[in-house]
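Spelled out from the first residue to the last, the chains are:
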Amino acid sequence: MDQTRTNPATAVVGLQWGDEGKGKIVDLLASDHDAVVRYNGGANAGHSVVVGGERYSLHLVPSGILYPGVKAVIGNGVVVDPEQLLKELDTLSERGVDTSGLVVSDRAHVVMPYHKHEDQVREDELRRAQEGGARAGSTVLQPGQIGTTKRGIGPAYADKAQRASAIRMGDLLRPDVLRGKVELACVFKNALLRGLNGSGAHAFDPGAETDRLLTLGERLGPMITDTVYLLHEMLGDGKRVLFEGGNATLLDVDHGTYPFVTSSVCSALGIGPGTGVPPQRIGRILGVSKVYCTRVGAGPMPTELDDAIGERIRERGREYGTTTGRPRRCGWLDLVALRYAAMVNGATGLVLTMLDVLAGFDEIKVCVGYRLTDGSDTDRFIPDGHALAGATPVYESLPGFEEDISGVRTRAELPPNAARLVAYIEERVGLPAEVISVGPDREQTIRG
Ligand code: GDP
Ligand code: IMO
Ligand code: MG
């Protein structure tokens, strides 16, 4: 029997700039699955799950962890901060969550303290370069800060590509290999930091770093395994696997608003390299989108509202980062970006979140095209941070709805103008809204 047909896996991915509510949706679907798998990113992700008013903020641990018996898999494409992982597991255990189902790929790369330090130093340098250029009246376009989460994500992925001195989770269990790699890494990192910060730069001690990792390895050892074989065995046995995207498509290093992106392939295209599971195994790709837009960090967002409407969305949606607490930039839904993201992912269905947040607006605007600096219009997305900055949105307007819909549980009960917005998005993207979310809680959901 062809298992790829009878047993397709599902993926949940973000179609915007992150924080679409992926954690809530993965938690919702996890009860019907045997494994939930992260394939990209690291502790830059912040996924919130709310069950019966209890909020869980997950960064590295997959959002299926709340169901005992569901395997929570951190795939090889993730960059793991081992201290952060243990802290997260301890916090969950203290709250009575059974975390024994967690496994980590032996090939997942380790985020080291020098990666976080380098992340900070690079951001400082980018700011200084931009400020210096501006002071000197330079016409050179400096990208400026990316506004990273400072979790060391970019430097860790850069070292993965650099190879020789990069540390993988499996190395925590083989001291000789680990020691050699850490020594080499400290030579490179200390030279880099000295170069940028001079003789007063912080220097990392290879002996202390190795000992720290070996101690972490003693606790993490039982969780470290070959997750590629594990996942193929599960799929071969007819088990149901759910992939959980970290970050989101418009932050994808290849297909997002580069350079204002993260450093991994966050779209569903990253599942293959990030887990070793080939694309034909994935039968259902759910793209999650808010019914408006948000973004944290730098980079263009054509529909951003720097006014009372944006502020109202931020307050009603509690749009403050799960990872850094930063206020999120808010604006109307961008259908140009959404259609592009659905296309790149090969999405088979939509999940629309935060519909409750738009209650009380007289009109709801939706961006259907961009006007470019030469005066022409386009309905194609521009996946380039500098070029997209020149696009201004062309809007259509839909009538708003007054009612509080956070208690609605079926589509038929939605106020007509809320239902009209959902149908409009479905029609414009060409995909059904398989799930509609009307509040943070697991229960505040309309299915089907
Ligand atoms: P993720 O990174 O995609 O998992 O999203 P985050 O958890 O970072 O951010 C989404 C935020 O919105 C969290 O605080 C959720 O609890 C909350 N949330 C999710 N769905 C809804 C919804 O439909 N309505 C409202 N009001 N909040 C929601
Ligand atoms: P979840 O999974 C929102 C953004 C950062 C920054 C850029 C690069 O919660 O949706 P990085 O630290 O990755 O080098 O930062 O990407 N970013 C996110 N924004 N949600 C996320 O994840 C994000 N992960 C990264 O704010 O602009
Ligand atoms: Mg988030």
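Above this text sits the structure in question.
Chains are numbered independently. Their residues run from 1 in the order of the written sequence. Whichever chain is written first is A, and whichever ligand is written first is 1; the rest continue in order. Under the rules for a predicted model, residues below a pLDDT of 70 receive no local features and side-chain atom pairs below 80 are neither given nor counted, while totals for whole chains, interfaces and linings still include all residues. Computation of side-chain values: all heavy atoms of the structure, hydrogens and water removed.

Caption draft 1: Main features of the overall build of the protein. Per the secondary structure count, the protein includes 13 helices and 19 strands. Our radius of gyration is a C-alpha quantity, and the globule rule it is checked against amounts to 2.2 Å times the number of residues to the power 0.38. The C-alpha radius of gyration computed for the protein amounts to 22 Å, which stays within 12% of the reference 22 Å derived for 448 residues, consistent with globular compactness. Taken along its principal axes, the extent of the C-alpha atoms in the protein is 65 × 65 × 40 Å. Only protein chains enter the calculation, and the probe is 1.4 Å; a residue is then buried if its accessible area is under 20% of its type maximum, exposed if over 50%, and partly exposed in between. Classification of the 448 residues of the protein by burial places 55% in the buried group. Whether two residues touch is decided by their heavy atoms; if any such pair falls within 4.5 Å, the residues are in contact. In the protein, once contacts between residues fewer than 6 apart in sequence are set aside, the share between residues at least 24 apart is 77%. Split by element, the accessible area of the protein, about 18200 Å² in all, is 50% carbon and sulfur. Positive charges are assigned to Lys and Arg, negative charges to Asp and Glu, while His and the chain termini are left out of the count. Taken as the charge location is NZ of Lys, CZ of Arg, CG of Asp or CD of Glu. Here the protein contributes 49 positive and 58 negative side-chain charges, whose respective centroids are spaced 2 Å apart. Numbering of helices and strands starts at the N terminus; helices are DSSP runs of H or I of at least 4 residues and strands are runs of E of at least 2. Using a 1.4 Å probe, accessible areas were evaluated by the Shrake-Rupley method; residue-level cover was limited to the displayed protein chains.

Caption draft 2: Region of interest: the pairing of strand E3 (residues 47-51). Only strands joined by at least two bridges in the DSSP assignment are considered to pair. Bridging between E3 and strand E4 (residues 54-58) involves five bridges; their strand directions are antiparallel. The partner of His47 across the bridge, within E4, is Leu58. Once E3 ends, the chain turns through two residues before running back antiparallel as E4, passing Gly52 with a positive phi of about 55°.

Caption draft 3: Summary view of the site of ligand 1. Taken together, 20 residues surround ligand 1, and among them Lys22, Gly46, Ser48, Asp356 and Ser437 come closest. Gly46 is positioned with one of its backbone polar atoms (N or O) 2.7 Å from an oxygen atom of ligand 1. Within 3.5 Å is the distance limit for a polar contact, defined as a pair of N or O atoms, with the added protein rule that one can donate a hydrogen and the other accept it, and that residues adjacent in sequence qualify only through two side-chain atoms. The contact in question runs from an oxygen atom of ligand 1 to an N or O atom on the backbone of Gly439, over 3.1 Å. Across the complex, the protein chains shield 94% of the 580 Å² of accessible surface that ligand 1 would expose by itself. At the level of elements, helix H2 (22-30) and E3 are the ones that each hand at least two residues to the shell around ligand 1. Residues are grouped as follows: nonpolar covers Ala, Val, Leu, Ile, Met, Phe, Trp, Tyr, Cys and Pro; charged covers Asp, Glu, Lys and Arg; every other residue, Gly included, is treated as polar. Tallied by class, the residues present in the shell around ligand 1 amount to five nonpolar, eight polar and seven charged. Distances are taken per atom, and a residue is near a molecule or strand as soon as one of its heavy atoms is within 4 Å of it.

Caption draft 4: Geometry of the coordination of the magnesium ion (ligand 3). Distances define the donors: N, O and S atoms within 2.8 Å of the metal qualify, as do those within 3.2 Å of Na, K or Ca. Water is excluded, so some sites may look unfinished. Listed as protein donors to the magnesium ion (ligand 3) are Asp19 (OD) and Gly46 (O); their distances from the metal cover 2.0 to 2.2 Å. Of this pair, Asp19 sits in the loop between strand E1 (9-14) and H2 while Gly46 sits in the loop between strand E2 (35-38) and E3, placing them 27 residues apart in sequence. Judged by relative accessible area, which is 11%, Gly46 ranks as buried.

Caption draft 5: Focus on the site of ligand 2. Residues in close proximity to ligand 2 total 20 residues, the closest being Lys22, His47, Thr149, Asn247 and Thr262. The side chain of Asn44 places a nitrogen or oxygen atom 2.8 Å from an oxygen atom of ligand 2. Arg326 is positioned such that a nitrogen or oxygen atom in its side chain is 2.9 Å from an oxygen atom of ligand 2. Compared with its free state, where it exposes 550 Å², ligand 2 has 98% of that area covered by protein. Here the shell around ligand 2 is composed, by residue class, of six nonpolar, eleven polar and three charged.

Caption draft 6: Focus on the state of the cysteines. Counting rule for disulfides: a pair of cysteine sulfur atoms within 2.5 Å. In this structure the tally under the stated criterion is zero disulfides. We note that Cys293 lacks a disulfide partner, and the nearest cysteine sulfur, in Cys367, lies 8.2 Å from it. Owing to a relative accessible area of 1%, Cys293 belongs among the buried residues under this scheme. Cys293 supplies the cysteine sulfur nearest to Cys330, a cysteine that is in no disulfide, at a spacing of 9.6 Å.

Caption draft 7: Molecular detail of helix H6 (residues 175-197). To estimate how far a helix should reach, multiply one less than its number of residues by 1.5 Å. Over its 23 residues, H6 runs 31 Å from end to end, which matches the ideal 33 Å to within 8%, given 1.5 Å per residue. Those residues of H6 lying buried are Leu178, Lys181, Val182, Ala185, Cys186, Lys189, Asn190 and Leu193. Buried residues in H6 make contact with helix H4 (113-135), helix H5 (153-162) and helix H7 (206-220). Directly beyond the C-terminal end of H6, a positive phi value near 80° is found at Gly198.

Caption draft 8: The arrangement of the sheet that holds strand E10 (residues 241-244) in detail. Taken in spatial order, the ten strands line up as E9-E7-E5-E2-E10-E1-E11-E14-E18-E19 in an open sheet, and their pairing is mixed. In the strand order of this sheet, the two ends are held by strand E9 (224-225) and strand E19 (445-447), each with one partner. As paired elements, strand E5 (residues 71-74) and strand E7 (residues 102-105) share three bridges and run parallel to each other. Each residue of the ladder has a partner; that of Val73, found in E7, is Val103.

Caption draft 9: Layout of the nonpolar core. Buried residues of nine kinds, namely Ala, Val, Leu, Ile, Met, Phe, Trp, Tyr and Cys, make up a nonpolar core once their side-chain atoms join them within 4.5 Å. Counting 59 residues, the largest nonpolar core has Phe243, Leu335, Leu355, Leu358, Leu421 and Ile425 as its most contacted members. Looking at this core element by element, the count peaks at six residues for helix H13 (residues 416-429). Every residue in contact with Ile425, bar those within four places of it in the chain, is listed here: Val291, Leu333, Leu335, Leu338, Leu350, Leu352 and Gly430. Leu60, Val78, Ile167 and Leu178 belong to the second-largest nonpolar core, a separate cluster that totals 40 residues.

Caption draft 10: Up close: the pattern of salt bridges. Salt-bridge detection follows one rule: a side-chain nitrogen of Lys or Arg within 4 Å of a carboxyl oxygen of Asp or Glu. Applying the stated criterion across every chain, the model contains 28 salt bridges. For Lys189, the salt bridge goes to Glu118, with nearest N and O atoms at 2.7 Å. Of the two residues, Lys189 is situated in helix H6 and Glu118 in helix H4; the sequence distance between them amounts to 71 residues. In this structure Lys189 comes out as buried when scored by relative accessible area, which is 7%. Where Glu131 meets Arg127, a salt bridge forms, and the shortest distance between an N and an O atom there is 3.9 Å. A residue pair is termed a helical-turn pair when its members lie 3 or 4 positions apart in one helix, as Glu131 and Arg127 do in helix H4 at four residues. Overall, Glu131 belongs to the partly exposed group, its relative accessible area being 37%. Connected via shared salt-bridge partners are Asp19, Lys290, Glu319 and Arg328.

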